[in-house]
Amino acid sequence: METQSEQRQETLIISFEGSLDALTADQAHSFIGAQLDGGQQQVVVDLSQVDFMSSAGIRVLLDMLKRSRGMGGDLRLAATQPGVQRTLELSGMVRVLEVYLSVEEAVRSYGPQEP
């Protein structure tokens, strides 16, 4: 799994590429955790390049959502592939996490950004 992050004004965008499953969940958890330890409150997870997500991946997202909300922030998902979207729907995560069609929509959902 490949991971990267990018800052857009006050929003941190985290991108994953590959599968988010039992084999990669620890890596994803550590990566997001390190970003949140840096004080990031507005986080968007770009799932456009994630082709598979298991329950281990869902646990990572749920834990990070709880952490970010505990710090007064939020975690939002963007650009899910159909298979990943189906997993989120079947698990009920779409009732807990906000999912947007694009990263740009997810970033805008936080409201006006500082220039």
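Source: prediction; values computed, not measured. (Residues numbered from 1 in each chain as written. Predicted model: local features only at pLDDT ≥ 70, side-chain atom pairs only at ≥ 80, totals over all residues. Heavy atoms only, no water.)

(A) Region of interest: the nonpolar core. Among the nonpolar cores identified, the biggest contains 26 residues, and F16, V45, L47, M53, L75, L77 and L88 are the most heavily contacted of them. Tallying contributions element by element places helix α2 (residues 55-70) first for this core, with six residues. Counting eight residues, the second-largest nonpolar core is a separate cluster that includes A78, V103, A106 and V107. (Core = buried A, V, L, I, M, F, W, Y, C linked by side-chain atoms within 4.5 Å. Buried < 20%, exposed > 50% of the residue type's maximum accessible area, 1.4 Å probe, protein only. Helix = DSSP H or I, 4+ residues; strand = E, 2+ residues; numbered from the N terminus.)

(B) Quick peek at the pattern of salt bridges. Inspection of the entire model under this criterion finds six salt bridges. The salt bridge involving R67 is made with D37; its shortest N-O contact spans 2.4 Å. Of this pair, R67 sits in helix α2 while D37 sits in helix α1 (residues 25-37), placing them 30 residues apart in sequence. Given the relative accessible area of 59%, D37 is considered exposed. The salt bridge partner of R76 is E98, with a shortest N-O separation of 3.8 Å. Linking R76 in strand β4 (residues 74-78) with E98 in strand β5 (residues 98-100), this pair joins segments that are 22 residues apart in sequence. Here E98 falls in the partly exposed class, since its relative accessible area comes to 32%. Because the salt bridges share partners, they merge into one network encompassing R69, D74, R76 and E98. (Salt bridge = Lys/Arg side-chain N within 4 Å of Asp/Glu carboxyl O.)

(C) Focus on the sheet that holds β4. The strand order across the open sheet built from five strands is β1-β2-β3-β4-β5, with neighbouring strands paired in mixed fashion. Only two strands of the sheet have a single neighbouring strand rather than two, namely β1 (2-8) and β5. Ignoring which end each strand starts from, the neighbouring axes of this sheet average 25° apart. Looking at chain direction, β1 and strand β2 (residues 11-20) are connected through seven bridges and run antiparallel. Bridging from a neighbouring strand, R8 pairs with T11 of β2. Packed on one face of the sheet, α1 meets β1, β2 and β3 (42-53) and runs near 175° to β2. Packed on one face of the sheet, helix α3 (residues 82-91) meets β3, β4 and β5 and runs near 110° to β3. (Pairing = 2+ DSSP bridges. Axes fitted to C-alpha atoms, helices over the stretch in contact; angles between N-to-C directions. Contact = heavy atoms within 4.5 Å.)

(D) Spatial organisation of the environment of R59. Along the polypeptide, R59 turns up in helix α2. The exposed category is assigned to R59, whose relative accessible area is 53%. For the pair formed by R59 and A25, sequence separation is 34 residues and the distance between their alpha carbons is 8.5 Å.

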